[in-house]
Amino acid sequence: SLPNSKARALALQKLLKDNKHEISNSDILCIAKKTKYYSFRELKHLAQCAAKRPREEKMAGLPMELIKELKPEQIRPIRYEDFEQSRLQIQPCVNKETIQKFEKWNENYGSKISNSTSPSLEEPESNSDVNDIYS
């Protein structure tokens with residue numbers, strides 16, 4: 001199953017911890033909400049893409065000899081906007097319709113074991129569980 005918003009927020013927080021960034025906790029929660037159908041692998045790819053953007057921005061138009069001399073402190077921190085731009089390139093492999101097709105197939109042909117412990121397609125409206133990670 002796909003990670004819920006709390007798991008996505010924790011994953012993003014972990015992926016960002018060793019990087020210079022200007023992403024607030026509320027930004028992380030917003031990114032987590034916007035990446036509903038992303039797997040952990042896709043989140044990692046998204047974070048890697050976002051992390052490359054500041055360096056690529058700095059290198060644009062510079063001659064190779066100056067690029068070789070770039071120091072980490074000359075590169076701006078990762079920003080929320082880097083994730084937004086990266087989301088345009090890194091899309092989830094599944095969507096609501098795909099999940100519904102799998103659920104329907106499972107209902108028709110899968111095991112008849114109760115799905116009471118399976119996560120719901122829809123995430124809870126309340127953000128209380130997500131906000132708990134920053135308490």
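Note that the structure is a prediction, hence the values are computed from the model and not measured.

Thresholds, definitions, all that
- Residues numbered from 1 in each chain as written.
- Predicted model: local features only at pLDDT ≥ 70, side-chain atom pairs only at ≥ 80, totals over all residues.
- Heavy atoms only, no water.
- Core = buried A, V, L, I, M, F, W, Y, C linked by side-chain atoms within 4.5 Å.
- Buried < 20%, exposed > 50% of the residue type's maximum accessible area, 1.4 Å probe, protein only.
- Helix = DSSP H or I, 4+ residues; strand = E, 2+ residues; numbered from the N terminus.
- Contact = heavy atoms within 4.5 Å.
- pLDDT = per-residue confidence, 0-100.
- Salt bridge = Lys/Arg side-chain N within 4 Å of Asp/Glu carboxyl O.

Here's the deal with the nonpolar core
Argument step 1. Ranked by size, the top nonpolar core spans 19 residues in total, and within it Leu12, Ile23 and Phe83 carry the most contacts.
Argument step 2. Every element with two or more residues in this core is listed here: helix H1 (5-16), helix H2 (25-34), helix H3 (40-59) and helix H5 (80-89).
Argument step 3. Considering each element in turn, this core owes the most residues, five residues, to H3.
Argument step 4. With residues up to four places along the chain from it excluded, the contact list for Leu12 reads Ile28, Ile31, Ala32, Leu43 and Phe83.

Section: the environment of Val94
Argument step 1. Position of Val94 relative to the elements: it lies in the loop between H5 and helix H6 (96-109).
Argument step 2. Placed 56 residues apart in sequence, Val94 and Tyr38 show a C-alpha to C-alpha distance of 7.6 Å.
Argument step 3. Dropping the residues within four chain positions of it, Val94 is found in contact with Leu2, Tyr37 and Ile99.

Some details on the confidence of the model for the protein chain
Argument step 1. Looking at the protein chain, the pLDDT average stands at 86 and 82% of residues meet or exceed 70.
Argument step 2. Per-element confidence in the protein chain ranges from a low mean pLDDT of 45 for helix H7 (residues 128-131) to a high of 98 for H2.
Argument step 3. The low-confidence segment residues 124-135 (pLDDT under 50) makes 14 contacts with residues lying over four places distant or belonging to another chain.

Here's the deal with the pattern of salt bridges
Argument step 1. A full pass over the atoms with the stated rule returns seven salt bridges.
Argument step 2. Linking Glu22 and Arg79 is a salt bridge whose minimum nitrogen-to-oxygen distance equals 3.5 Å. Placement of the pair is Glu22 in the loop between H1 and H2 and Arg79 in the loop between helix H4 (64-68) and H5, with a sequence separation of 57 residues.
Argument step 3. For Glu22, a relative accessible area of 48% puts it in the partly exposed group.
Argument step 4. A salt bridge links Glu84 to Lys34; the shortest N-O distance between them is 3.4 Å. Of this pair, Glu84 sits in helix H5 while Lys34 sits in helix H2, placing them 50 residues apart in sequence.

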